[in-house]
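# Structural characterization, general
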Amino acid sequence: MGLIHPGFGDLIEDVVHLRGREGQALKVSVAVNFYDSGSFQGSTGEMCGISQSMTHHCIKITNGMFRRAGDYVCFCIDPNSQAERAIGFWAIAGFSQVQGVIDCMHVAIKAPTDQPAAFIDQKGFHSRNVQLVLRQQQELLSVCTHFPGSCHDSFMLCQSRLPQSFTPMPKVCGWNLGGKGNPLKRRLLTPLRKPQTEVQRQNNQYHLLSRTTIEEAIGFLKMRFRCLDWLGGTLQ
């Protein structure tokens with residue numbers, strides 16, 4: 001599964017090395033267990049044999065991992081990277097010059113004290129709307145987590161940094177594949193809303209096949225890290 005980057009182990013080693021090895025392995029284990037199970041800090045602490053307050057302290061190591069995220073999540077625009085992504089997506093369903101697939105998912109959070117209403121999504125939960133862009137091997141190219149749950153996918157796309165990679169020409173020679181929630185753009189292909197001909201229906205089918213990579217990836221993320229699924233509780 002491409003979402004778990006092959007260099008993830010090296011990232012953990014770097015974080016541990018930078019902050020001192022003594023006790024850091026336990027901190028990483030506690031933090032990953034917390035995100036994996038989606039349980040409360042107290043429950044995670046009991047499982048690992050430490051207190052809730054110590055669990056809270058261990059989870060702070062996530063900040064060190066976050067600072068290295070740019071080394072592993074990157075929308076590279078050099079010619080070789082563009083060609084590799086285009087060939088990979090062509091092999092799936094025959095779409096040419098596809099550079100990534102884009103979708104959003106809601107991550108439930110505890111109601112914030114500042115403007116809590118802005119974070120209420122269509123299901124009535126407080127959440128953040130997270131925009132993901134993946135390549136054909138389900139490796140993350142871009143992640144945007146800055147918008148509250150009330151924001152529409154199309155608004156997030158326009159306000160995120162992603163369009164900057166496609167303009168002005170010729171930074172990226174291709175386009176992303178979006179869902180029905182996204183507007184049709186020059187660099188964003190979406191399904192035809194009312195296909196009339198067999199060619200148009202076939203176009204939508206190929207579009208759907210190409211986008212299964214990100215739909216499966218979101219399902220995997222929520223299954224692997226229960227904190228991302230509202231059934232696993234809310235992030236604080």
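First things first, this report covers the structure right here in the doc. This structure is a prediction, so every number in the text was calculated from the model and none was measured.

Cut-offs used in this document
Residues numbered from 1 in each chain as written. Predicted model: local features only at pLDDT ≥ 70, side-chain atom pairs only at ≥ 80, totals over all residues. Heavy atoms only, no water. Helix = DSSP H or I, 4+ residues; strand = E, 2+ residues; numbered from the N terminus. Buried < 20%, exposed > 50% of the residue type's maximum accessible area, 1.4 Å probe, protein only. Phe/Tyr/Trp six-rings, centres within 6.5 Å; stacked < 30°, edge-to-face > 60°. Lys NZ or Arg CZ within 6 Å of the ring centre and 35° of its normal. Axes fitted to C-alpha atoms, helices over the stretch in contact; angles between N-to-C directions. Parallel < 35°, antiparallel > 145°, perpendicular 65-115°, else oblique. Left-handed = near helix turned anticlockwise from the far one by under 90°. Contact = heavy atoms within 4.5 Å. Nonpolar A, V, L, I, M, F, W, Y, C, P; charged D, E, K, R; others polar. Pairing = 2+ DSSP bridges.

### Observations concerning the environment of Ile214
When you line up the elements, Ile214 lands in helix H8 (residues 198-224). Ile214 gets classed as buried once you look at its relative accessible area, which sits at 0%.

### Quick word on the packing of aromatic side chains
By the definition in use, this model includes one aromatic pair. Judged by centre distance (6.0 Å) and plane angle (90 degrees), the ring pair of Phe147 and Phe155 falls under edge-to-face. The class for Phe147 is buried, based on a relative accessible area of 13%. Judged by relative accessible area, Phe155 falls into the partly exposed class, the value being 40%. For Arg224, the ring lying beneath its charged end belongs to Phe225, and the centroid distance is 5.3 Å.

### Focus: the packing of helix H6 (residues 79-93) against H8
As a packed pair, H6 and H8 sit with axes 9 Å apart at the nearest point and diverge in direction by 125 degrees. Here H6 is positioned oblique relative to H8, judged by the angle of their axes. Pair H6 / H8 crosses with right-handed handedness. Contacts between H6 and H8 involve Phe89, Ile92 and Ala93 on the former and, on the latter, Tyr206, Leu209, Ser210 and Thr213. In the contact of H6 with H8, the residues fall into five nonpolar, two polar and no charged.

### A word on the side chain of Ser210
By the element assignment, Ser210 lies in helix H8. If sequence neighbours within four positions are ignored, Ser210 has contacts with Phe89, Ile92, Ala93, Phe95, Val101 and Leu177.

### Notes on the sheet that holds strand S4 (residues 175-177)
Sheet architecture is open: five strands sit in the order S3-S2-S1-S4-S5, paired in mixed fashion. With partners counted over all chains shown, the strands left at the sheet margins are strand S3 (140-148) and strand S5 (188-189), one partner each. For strand S1 (residues 98-108) and strand S2 (residues 127-134), the ladder comprises eight bridges, and the chain directions are antiparallel. Looking at S2, one finds that Val107 is bridged to Arg128. Those strands touched by H6 are S1, S2 and S3, and its axis lies near 80 degrees from that of S1. Running over the sheet, H8 touches S1, S2, S4 and S5 and is turned about 35 degrees from S1.

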